[in-house]
Amino acid sequence: MTSHRKHLVRDFNHFITCYICKGYLIKPTTVTECLHTFCKSCIVQHFEDSNDCPKCGIQVHETNPLEMLRLDNTLEEVIFKLVPGLREKEQQQEIEFWRRNKLKESPDEDGPICKKARLDEDDDVKCDRDYHRSDPQIAICLDCLRNNGQMGENIVKGLMKKFIRCSTRVTVGTIKKFLSLKLKLPSSYELDVLCNGEIMGKDHTMEFIYMTRWRLRGENAVMEYGALRSRVRS
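Residues numbered from 1 in each chain as written. Predicted model: local features only at pLDDT ≥ 70, side-chain atom pairs only at ≥ 80, totals over all residues. Heavy atoms only, no water.

A.B. asks: Can you break down the UniProt feature "domain: RING-type" (unreviewed entry) in the protein chain residue by residue, with the values?
C.D. replies: The UniProt record marks residues 18-56 with the feature "domain: RING-type" (unreviewed entry), using the residue numbering of this structure. Spanning residues 18-56, this segment combines 18% helix with 18% strand, and its end C-alpha atoms are found 14 Å apart. (UniProt positions renumbered as here; feature names shortened; annotations may be inferred. Helix = DSSP H or I, 4+ residues; strand = E, 2+ residues; numbered from the N terminus.)

A.B. asks: So what's going on with helix α3 (residues 73-82)? Residues and values would help.
C.D. replies: For α3, the set of buried residues is Leu75, Glu76, Ile79 and Phe80. Each buried residue of α3 lies within a common arc of 140° when the element is viewed along its axis, so the set occupies one face. Structural note: α3 exposes Thr74 and Lys81 on the side pointing more than 90 degrees away from its buried face. For α3, the capping residue at the N-terminal end is aspartate 72, with a side-chain oxygen 3.4 Å from the backbone nitrogen of threonine 74. (Buried < 20%, exposed > 50% of the residue type's maximum accessible area, 1.4 Å probe, protein only. Arc of directions from axis to C-beta. Polar contact = N/O pair within 3.5 Å; in protein donor to acceptor, adjacent residues only side chain to side chain.)

A.B. asks: Outline the confidence of the model for the protein chain, supporting the account with residue identities and numerical values.
C.D. replies: Detailed conclusions should not be drawn from predicted coordinates in areas where pLDDT is low. Here the protein chain shows a mean pLDDT of 78. Residues at 70 or above account for 74%. Least confident of the elements in the protein chain is helix α5 (residues 112-129), whose mean pLDDT is 50; most confident is strand β2 (residues 37-39), at 94. Taken together, the stretch residues 230-234 has pLDDT below 50 and engages in three contacts with residues farther than four places along the chain or on a different chain. (pLDDT = per-residue confidence, 0-100. Contact = heavy atoms within 4.5 Å.)

This is how it looks when you write it as structure tokens:
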């Protein structure tokens, strides 16, 4: 007969504990750049002072690392099944927290249970339906780069509609993906986005570029793009 080995919860602690607080992961949140997971509150607080992953040290984002976080609901359910009573304990602590803060801030508000339900609903909406529609918007002109002798022959054509409106939190990397789809560029082409002749990093947001390039110089929000065929290495 095959013997079934019993595993203790501590055998899995390496996979279900937070590197920052050393406790069980609460609302596990993964950094998409390196796939390390932390408690949501722990990693958000960490990113207030640093843009690097606290575990491996990789730079998550140049300006806004919170953009690179994703909730892991599946892992949360696994942890709650592995650790008896953890879900109930966490829910009770959250209810008590809101009860204390309700008395301090606004006694006329709904009870902590109702408030907790609204918070959970808000979290779901933010995760599933956040398209940055409430963000400040910026109008940008995407102009095709002319041959300038430095980049060589530009092999892409201009957009039919070169003016777009987007969130100020949009990154250059997202603009590159947008251009690649619109222009139907093969993956073998290298696409660069420039501002004032300077190639912009993929993590630069439109707000960062506006504050450091356009606003200070009093220029219009114009960006240029160009693509060259990648060199095939032998």
